[in-house]
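Single-letter residue listing:
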Amino acid sequence: MKDYRDIIIKPVVTEKSMNLLADNKYTFIVDRRANKTEIKNAIENIFSVRVDNVHTINIKGKPKRMGRFEGRTPNRKKAVVTLKPGQKIRLFEGM
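Remember, it's a predicted structure, so these values are computed and weren't measured experimentally. (Residues numbered from 1 in each chain as written. Predicted model: local features only at pLDDT ≥ 70, side-chain atom pairs only at ≥ 80, totals over all residues. Heavy atoms only, no water.)

Q: I'm lost on the pairing of strand β5 (residues 69–72) in this one. Help?
A: Consecutive side chains along a regular strand alternate between the two faces of the sheet. Bridge analysis of strand β4 (residues 63–66) against β5 gives four bridges, and the strand direction is antiparallel. Opposite K64, over in β5, you have G71 as the bridge partner. The turn linking β4 back onto β5 is made up of two residues, and G67 within it adopts a positive phi angle of 65 degrees. (Pairing = 2+ DSSP bridges. Helix = DSSP H or I, 4+ residues; strand = E, 2+ residues; numbered from the N terminus.)

Here is the structure:
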């Protein structure tokens, strides 16, 4: 079994994700192999909250260039987690 802290990599702090906080939705970058059930269990155990819904998005890496060298940014998976009414994650308070 994976450790919960290996599933949740980092929170996403963008203007769009901060606007979603009003709807009780929190955005995280997660392990690309994690499924919705694993993400839900990880959020509930790490932050001691009740999760209502999980939406996941696979994001393909963008092509980048450094002079004549071409490469890509890494592929990643993003999860938008909706909490049950009355639940909050303290990590995002004050942002």
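Once you've had a look at it, read on.
Q: For this particular structure, what's the right way to read helix α3 (residues 36–47)?
A: Each α-helix winds once per 3.6 residues, and so residues spaced three or four apart point in a common direction. With twelve residues, α3 ought to run about 16 Å at 1.5 Å a step, and its terminal C-alpha atoms sit 16 Å apart, in line with that. Within α3, burial applies to I39, A42, I43 and E44. Elements in contact with the buried residues of α3: α1 (4–7), β1 (8–11), β2 (25–30), β3 (51–59) and β6 (76–83). At the N-terminal boundary of α3, the capping side chain belongs to N35, with an oxygen 3.2 Å from the backbone nitrogen of T37. After α3 finishes, the residue S48 shows a positive phi value of roughly 55 degrees. (Expected span 1.5 Å × (residues − 1). Buried < 20%, exposed > 50% of the residue type's maximum accessible area, 1.4 Å probe, protein only. Contact = heavy atoms within 4.5 Å. Polar contact = N/O pair within 3.5 Å; in protein donor to acceptor, adjacent residues only side chain to side chain.)

Q: Sorry, what's going on with the nonpolar core here?
A: By size, the foremost hydrophobic cluster in this structure holds 18 residues, and its most contacted members are I8, F28, I39, I43 and I89. Of all the elements in the fold, those that place two or more residues in this core are β2, α3, β3 and β6. Not counting residues within four places of it along the chain, the set of residues in contact with I39 comprises I7, I8, V30, A34, V54, T56, A79 and V81. (Core = buried A, V, L, I, M, F, W, Y, C linked by side-chain atoms within 4.5 Å.)

Q: Is there a simple way to explain the side chain of E44 in this structure?
A: You can see E44 is positioned in helix α3. The buried charged residue E44 lacks any salt bridge, with R50 as its nearest oppositely charged partner at 4.1 Å. (Lys, Arg positive; Asp, Glu negative; His and termini not counted. Salt bridge = Lys/Arg side-chain N within 4 Å of Asp/Glu carboxyl O.)

Q: What is the right way to read unusual backbone geometry from this model?
A: Outside of glycine, negative phi angles account for most residues, and trans bonds account for most peptide bonds. Even without a glycine there, the phi angle at N24 is positive, about 65 degrees. With relative accessibility at 12%, the residue N24 sits in the buried group. Positive phi outside glycine occurs at S48, with the angle close to 55 degrees. Topologically, S48 is positioned in the loop between α3 and β3. Look at S48 and you get exposed, because its relative accessible area is 63%.

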